Each structure stands twice: as structure tokens, then as C-alpha cells.
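Spelled out, the chains give:
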Amino acid sequence: MNHKARMLAAFRGEQVDRLPYVPRLDLWYLANHTCGTLPAQHAGRAMNEIARAEGWALYFRFADDQLDPAIQPMYLHRGIGLFGSRDTVYDLVISNKVEVKVVHDGPRMRVEYHTPLGMVSTTVHYDLEAQRLGTTIPTIVEPLIKSVDDYEAAGCLYEHLDLKLNPERFNRWSAEEMRDDGVAVSMGPFGASPVNEIQRDLIDSTQFFFHYKDHYDKLQRLASQMEPLFERMLAIQCDSPAEVVFWGANYDDMITYPPYFEREISPWLRKVSTALEARGKLLMCHTDGENEGLMGLIRESGMHIAESICPAPMTKLSLAEYYRRWSPKLTLFGGVPSTVVLPETSEADFEAYLDELFRAVAPGTRYLVGVADQVPPGAIFSRLQRIGERVEREGSLPLKAGAFRPLPTAGAGGAVAASAAAEAGEAAGEEIYAQVRQDVSKGKHLAIREHVAELLAQGVAARDILDKGLIAAIDVVGKRMASGEAFIPEVLLAARAMSSAVSVLEPHLAAGGSNEKRGRVLIGTVKGDMHDIGKNLVVTMLRGVGFEVIDLGVNVARDAFCDAVAEHRPDVIGLSALLTTTMMEMPAIIRELDARGLRDGRKVFVGGAPVSDKFARQIGADGFAADAVQAVNEAKRLLAA
């Protein structure tokens, strides 16, 4: 079988001769090609030529040179989630009733959409540094929806957008570049549904959850105005020459939490799957997040291929557990965590992971070996080669590796026990604080101000309201999050309510001389990384329990970190990264702090999806936090050390 036939058969759940090995190279290639650090034997080669020379199957997402003026127009509408590449089968059509103005300012491109109901705009950023990091598409730095006032014009914009089938670019790419060495997958929307697309690209990630609670009618109205465009996209995919369609990405049980997934994403995935199946096509989704809480929903969603699965140590679930629960209905694509091919993983641990891989996916049907989320720029190339060699040597199907034992996961009993403990904590203390505790847990950021004022009027001490009411309540919410009973939106809303209450208490705390801070924490997301929702949650919770927090924001260069440390003299420094491409900026910052003599007496802790406790120790950090609750506890521990 050639690579294409083997991949398609595995996608369909058919028996193949051996495991396909399909490392996604676009991010790795773009970074190393830009930096001139491709392996010597492949210097000057294009990405697909490297894969062919190594005997690997091809898989493509993005590898366009975004600094090439000829490429940039294809990504003009990146800010509204519609852009072209070799793997798109449509062209965007904008009504002449909408005037589009483009302003370039160095690495930033601002696009204004002047609609009959007003103007909305987006700004994206891309520069040489981003390309050196392997960033493959421009980053949205100004979303379309900045306030509730933008919904009307945004809806009008989408009502004046259309798509038309244009398969020529896709066919040329498939025939000339992919050939029989891989499957040409057609790109659909990143957001699986209109609401999910609003969440992903059209609004700040944190603000989305506030709007979802406070302004759902406006958000749903916009989604309904976007729906005809999604229906058109689906019709085009059905009529396209593609055999596999990519639709929806970045599911995570805290961000696209189970009730949200079931309400806003599942119906569209089932609709897309049904329509594609009727035309003999397959649905692929990019399932690269923490999926422990979504396992059943994803399994029953109708998708055929779960691409870029990231098992432990990057997430909670082992590859064995993924395979056991999904392979009867889904094809799994990925399974080798990107951290495994980085220098921070020892040779022994690398080989041990591969040993386990062949045991975990026996008998090997419905599985393609890939590096998930994708091959990072800093990957040891010889490890990619050795994965290929072992697949060639040991990957004949059916695998004879025998039974496997999945890593233990927390059962329902543990969750119930955690919940009972949390409720007991909530019940402790005086009844007088019950209302403000409930306000925090329910995210009632307006009502809590009145209830705090009532307690103050009754003569209750501001410090007691803070400690016994607000902090006690947020601690319960944090424990519920740690046990998997609460999700990021609930914690964000609770944190917002707590911040609202603290703003009422602050003058009274100051007047009473009881507004002392636990310590000063300086925190930011590292250079090249625009993710902020996790960092924002940590900031809010740290402030809520009494820390003074200096938030540097996102995309913070190492010099900016060091300059801020010199200026603010924090007790604790927090570094956040959500991408394997940016996590290597963490050791560089720590080295710079040491070189400038700024670390004496200060503690550094790190966190983010690809970061682990082991990685933290390897780079010389003093601590690690897997989530916001642990971040608060870690800051307390480091301050006391």
C-alpha cells in the first residue's frame, strides 16, 4: 500500500498492513527553515521533500511564508476566521455593501469592515520572530467584538459574506505536492459551530464567558446570522473533491466544557458528519486539548478522525485510555506528545514511551502515529527518525503487544468525596456569610456588591467578609475545579464576582489597616504566545486571596520580564506558556534573570498546557502549577519557603 491508501484505510477503520507514521512537520519546518537550522542532510529541501526522503507519510496544515507579499492576501480575513491556503476549496465573497479598508503598520495589519450598520475591525500580528518560533498563521491581537456594541455591525458583516467553490488550488496541491504520499485534507472552519467560532476568533477568550452569561441573546443572534455561511461552507465541502474534511479544533474539557460542548458543538458535528457521510467523506477534528471530561461526548459526536490527540504527560489521559475508549468508533491520529521529542525528555524516557505506545494501541486498527499537537521547532530530528524506524520494524498489524493496563484515573467516588469535602467547607463558619459565598459560587458580580455593603452596614469587619466570605467561597470553587466538577467559565465568573466584592471592601480594609498583601507576584505569558485565559484566571485568584499582582500580559519578551523584575522587585515570578513552541522561552528567561542578578531571593514558577513538574525542575524553576488553584497554593508555598 502507498502512504495515501494506508492513511485512508486507517481513517475508515479498515485493516492495513502496518501502522502509518505521519509526523506533521509544518511548524518545525517553518521555524528551522527560517533560522537556517534544518538538518544538514536536508538543507535546501522543501518540507514535503524531507518527509519523502525519510519515507514518512505527508500531512499538511500550514507552511506558508507569511512574510511573502504574495501569500499575505490569502490571510487578509484571518481575524474573522476565513482565510485561504492550499488546503481550502472555497473563495470568500464580500458584498459591495461592505467596504474593506486595510492598514499596514509594520508587522500588524488592521482590517476595517464598514457595514450598513457600522464599522468593526480586527488587527493581526506576524513578524520574523513569529516565523522563527514556527507560528504558522497571524495572531489576532484585536478581535472583531470588543464590546456588546459591536454585535450589530458584526452580524451585518456576516450577512454580507458568501463563499464559492474553487477546487482548482486544492486539486493542484493534492496532485502536485501531496501525490500518493499523503491525504489532502480540506480545511473547514476552526470553530465547529457559529458560537464556537465566536469563542475562538471573534472575541477575547476571557470576555467570551462573560458575554456567554451576561449577553447570550446578543451572542446567539450573531450566531444565527453566521449560520447561513456555515451551511454554505458545509455544502461546498460536500461538493469538493476532498475525501477528508477538517472541521473544528482545540476542544478542551475546561474551555469547551461538557455542557457547552453538548449544547453548542455536538449538534453541528453531528450535522457535518451526517452530510459528509452521505457523500462518502470523513470528518476530522483537531482534538489536541485536555479531553478527560469530553471522552464520551467526542466519541458520540459523529466525527470519524480525532487528530492530534495529546496524551499524558501533556494531558491527564494515557494513550492506552484514549485507544480503549475511542478506537471502537473513532480513528486516533497522534499519540506521541511533542514533549517526548524535545531535549528535555531523556533518551531513556523517550524509548520507554515508544515501548508503551506499541502496547497501548494493540491491535493497532484505527490508529496513525503522529507527534501531537505537531512536531515542535526544537525537536531532536534523530528521534523523529527513530520513531519511523520503530514503526517500520514493529508496526506490522495486527500488533502482537498483548494486553495493556490503562493508567488509573479518578473515579466518580473521588469526585463525590471532593464535592462533599468542598460543601462541608462551605457550610463551615457563620451563617452571616452564606449570601456572599453563594454570590461568588454563582458568579453574581452585581448582586454581591449590595450584599457586601449590607454586611458592612451591619458592622461586620471588612477583613472577616474577605476571609470568611469571599476567600472561603473561592476556595470551594477552586476545589470543585480541581476535582473536575467546575470548569473555567464557572471559575472566571466566580473570580469576577469576588473582584467586584473586593472593590467594595478595599476602602474599608485600608481604613482599618488590614489591607496587607501576602506578597508581590509578577506574571506574564512568554514571547510568541498570545494565550491569556489561564493566566488571567491565575491573576484573578491570586489577587482574590490577597496577593499584589503585576500582570505583564501576553507575548512578553525576556528583556521586558527582566526589566519589570528590576522595577517592581516581586517576591514571586510566574511564567506562562500554552504552546510547545514557546515553552522553551521559559529557561531563557530564567537564565537571563540569573545573568542579571535578579533572581536572588525570588522564586520562579511556571505553568501552561505543555509544561510539567519535571520540565520545571529541568529548567531550574522553583515551582510548577498545573492550574489556577495549584498556582495559588504554589505562590503561598514559595513565599513561605
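Because the structure is predicted, anything quoted here is derived from the model rather than measured.

Criteria and thresholds
Throughout this document, residue positions are counted from 1 along each chain, in the order its sequence is written. Local features in a predicted model are, by the rule used here, given only for residues with pLDDT of at least 70; side-chain atom pairs are given and counted only at 80 or more, and totals for whole chains, interfaces and linings are based on all residues. Only heavy atoms go into the side-chain values, all of them from the structure, while hydrogens and water stay out. For this analysis, a salt bridge means a side-chain nitrogen from Lys or Arg found within 4 Å of a carboxyl oxygen belonging to Asp or Glu. Strands are runs of DSSP state E lasting at least 2 residues, helices are runs of H or I lasting at least 4, and numbering of each runs from the N terminus. Partly exposed describes any residue whose relative accessible area lies between the buried limit of under 20% and the exposed limit of over 50%, with all areas from a 1.4 Å probe on protein chains only and scaled to the type maximum. Pairing of aromatic rings covers Phe, Tyr and Trp, the last counted by its six-membered ring, and requires centre-to-centre distances within 6.5 Å; plane angles under 30 degrees mean stacked, over 60 mean edge-to-face, and any other angle means tilted. This count recognises Lys and Arg as positive and Asp and Glu as negative, with His and chain-terminal groups excluded. We call two N or O atoms a polar contact when they sit within 3.5 Å, provided that within protein one can donate a hydrogen and the other can accept it, with sequence-adjacent residues counted only if both atoms are side-chain atoms. Residues count as neighbours in contact if any of their non-hydrogen atoms are within 4.5 Å of one another. Put simply, buried Ala, Val, Leu, Ile, Met, Phe, Trp, Tyr and Cys residues joined by side-chain atoms within 4.5 Å make one nonpolar core. In this scheme, strands are said to pair when DSSP sees at least two bridges between them. Only C-alpha atoms enter the line fits that serve as axes; for helices the fit covers just the stretch in contact. Angles between N-to-C directions range over 0 to 180 degrees. Seen with its strands pointing away from the viewer, a crossover is right-handed if its path from the first strand over the helix to the second goes clockwise. Working definition: roughly parallel below 35 degrees, roughly antiparallel above 145 degrees, roughly perpendicular at 65 to 115 degrees, and oblique for all remaining angles. By definition, turning the near helix anticlockwise from the far helix through less than a right angle yields a left-handed crossing, and turning it clockwise yields a right-handed one. Residue-level confidence of the predictor is summarised by pLDDT, bounded by 0 at the bottom and 100 at the top. Side-chain classes follow a simple rule in which Ala, Val, Leu, Ile, Met, Phe, Trp, Tyr, Cys and Pro form the nonpolar group, Asp, Glu, Lys and Arg form the charged group, and the remainder, Gly included, forms the polar group. Expected helix span is taken as 1.5 Å per residue step, with the number of steps being one fewer than the number of residues.

Concerning the pattern of salt bridges
Within the structure shown, the criterion is met by 44 salt bridges. Note that K4 is salt-bridged to E243, the shortest N-O span being 3.9 Å. Taken together, the positions of K4 in helix α1 (residues 3–11) and E243 in the loop between α9 (216–239) and β8 (244–249) put the pair 239 residues apart, joining distant regions of the chain. K4 sits in the partly exposed class, given a relative accessible area of 23%. One network of salt bridges, in which partners are shared, links E347, E351, D355, R383, R386, R390, R393 and E394.

Brief notes about the packing of aromatic side chains
All chains considered together, the criterion is met by 22 aromatic pairs. Judged by centre distance (5.4 Å) and plane angle (25°), the ring pair of Y75 and F83 falls under stacked. Judged by its relative accessible area of 1%, Y75 falls in the buried class. Taking the relative accessible area as the measure of exposure, F83 reaches 8% and is therefore buried. Geometrically, the ring pair formed by F230 and W247 is edge-to-face, given 6.2 Å between the ring centres and 75° between the ring planes. Of this pair, F230 sits in helix α9 while W247 sits in strand β8; the two residues are 17 residues apart in sequence, bridging distant segments of the chain.

Examining the side chain of D288
Topologically, D288 is positioned in the loop between β9 (282–286) and α11 (295–299). With no salt bridge to any partner, buried D288 finds its closest opposite charge in R200, at an N-O distance of 7.1 Å. Looking at D288, its side chain comes within polar contact range of the side chain of N250, at 3.1 Å. Apart from residues no more than four positions distant in its own chain, D288 is found in contact with N250, Y251, E307, S308, C310 and D373.

With respect to the nonpolar core
Core analysis: the biggest nonpolar cluster contains 158 residues, and W247, Y251, L269 and L470 have the highest contact counts within it. Counting residues in hydrophobic clusters, the runner-up holds 26 residues, among them A564, I590, V606 and V611.

Quick look at unusual backbone geometry
Each neighbour pair has its own omega, and for A362 with P363 the value is 10°, a cis peptide bond. As for its position among the elements, P363 is in the loop between α13 (347–360) and β12 (367–372). Look at the link from L397 to P398: it is a cis peptide, with omega at 0°. Relative to the helices and strands, P398 resides in the loop between α14 (381–394) and α15 (412–427). The backbone of R179 sits at a positive phi, close to 50°, despite the residue not being glycine. Mapped onto the secondary structure, R179 falls in the loop between α6 (168–178) and β7 (185–187). Of note in this structure, N250 is not a glycine but carries a positive phi near 65°. As for its placement among the helices and strands, N250 is situated in the loop between β8 and α10 (258–278). With relative accessibility at 31%, the residue N250 sits in the partly exposed group.

Description of the sheet that holds strand β15 (residues 572–576)
The strand order across the open sheet built from 5 strands is β14-β13-β15-β16-β17, with neighbouring strands paired in parallel fashion. Sheet topology places β14 (548–551) and β17 (623–625) at the edges, where each strand pairs with a single neighbour. This sheet shows a mean twist of 25° between the axes of neighbouring strands, independent of strand direction. On top of the sheet, helix α20 (residues 533–544) reaches β13 (520–525), β14 and β15; it is set at about 155° to β14, its chief contact. Running over the sheet, helix α21 (residues 558–568) touches β13, β14 and β15 and is turned about 165° from β13.

Brief notes about the sheet that holds strand β10 (residues 305–309)
Read across the sheet, 6 strands follow the order β7-β8-β9-β10-β11-β12 without closing on themselves; strand pairing throughout is parallel. The outermost strands of the open sheet, each flanked by one partner alone, are β7 and β12. The average angle at which neighbouring strand axes cross in this sheet is 30°, direction not considered. Where β9 and β10 come together, 3 bridges link them in parallel fashion. Paired with C285 across the strands is A306, a residue of β10. This element, α10, spans β8 and β9 of the sheet and lies at about 145° to β9.

Here's the deal with the environment of N32
Structurally, N32 is set in helix α2 (residues 26–35). Overall, N32 belongs to the buried group, its relative accessible area being 9%. For the pair N32 and F210, spaced 178 residues apart in the sequence, the C-alpha separation amounts to 40 Å. Look past the residues within four positions of N32 in its chain and what remains in contact with it is T37, L38 and P377. In this structure the side chain of N32 is engaged in a polar contact, spanning 2.7 Å, whose partner is the side chain of T37.

Comments concerning the pairing of β14
By the bridge criterion, 4 bridges tie β13 to β14 in an arrangement that is parallel. Bridge pairing links R520 to E548 in β14. Between β13 and its parallel partner β14, the chain crosses via α20, and the hand of that crossover is right-handed.

A closer look at the packing of α21 against helix α23 (residues 585–595)
As a packed pair, α21 and α23 sit with axes 9 Å apart at the nearest point and diverge in direction by 40°. Regarding the angle of α21 to α23, the classification is oblique. When the axes of α21 and α23 are compared, the crossing they make is right-handed. In this structure, α21 contributes R558, D559, F561, C562 and V565 to the contact, and α23 contributes E585, A588, I589, E592 and L593.

Details of the confidence of the model for the protein
With 94% of its residues at a pLDDT of at least 70, the protein reaches an overall mean of 89. Low confidence marks residues 402–429, where pLDDT is under 50. Its contacts with residues over four positions away, or in another chain, come to 29 contacts.

Some details on the packing of helix α7 (residues 194–202) against helix α8 (residues 205–214)
At a closest axis distance of 8 Å, the pairing of α7 and α8 adopts a crossing angle of 140°. One finds that α7 runs oblique with respect to α8. Contacts between α7 and α8 involve V195, I198 and Q199 from the former and F208, F209 and Y212 from the latter. Within the contact of α7 with α8, the residues separate by chemical class into 5 nonpolar, 1 polar and no charged.

Considerations on α20
An α-helix turns once every 3.6 residues. As a result, residues three or four positions apart point the same way. Between its terminal C-alpha atoms α20 stretches 16 Å, which fits the 16 Å expected from 12 residues at 1.5 Å a residue. In terms of burial, α20 is a largely internal element, 9 of the 12 residues being buried. One or two steps after α20, the chain reaches G546, where phi turns positive at roughly 110°.

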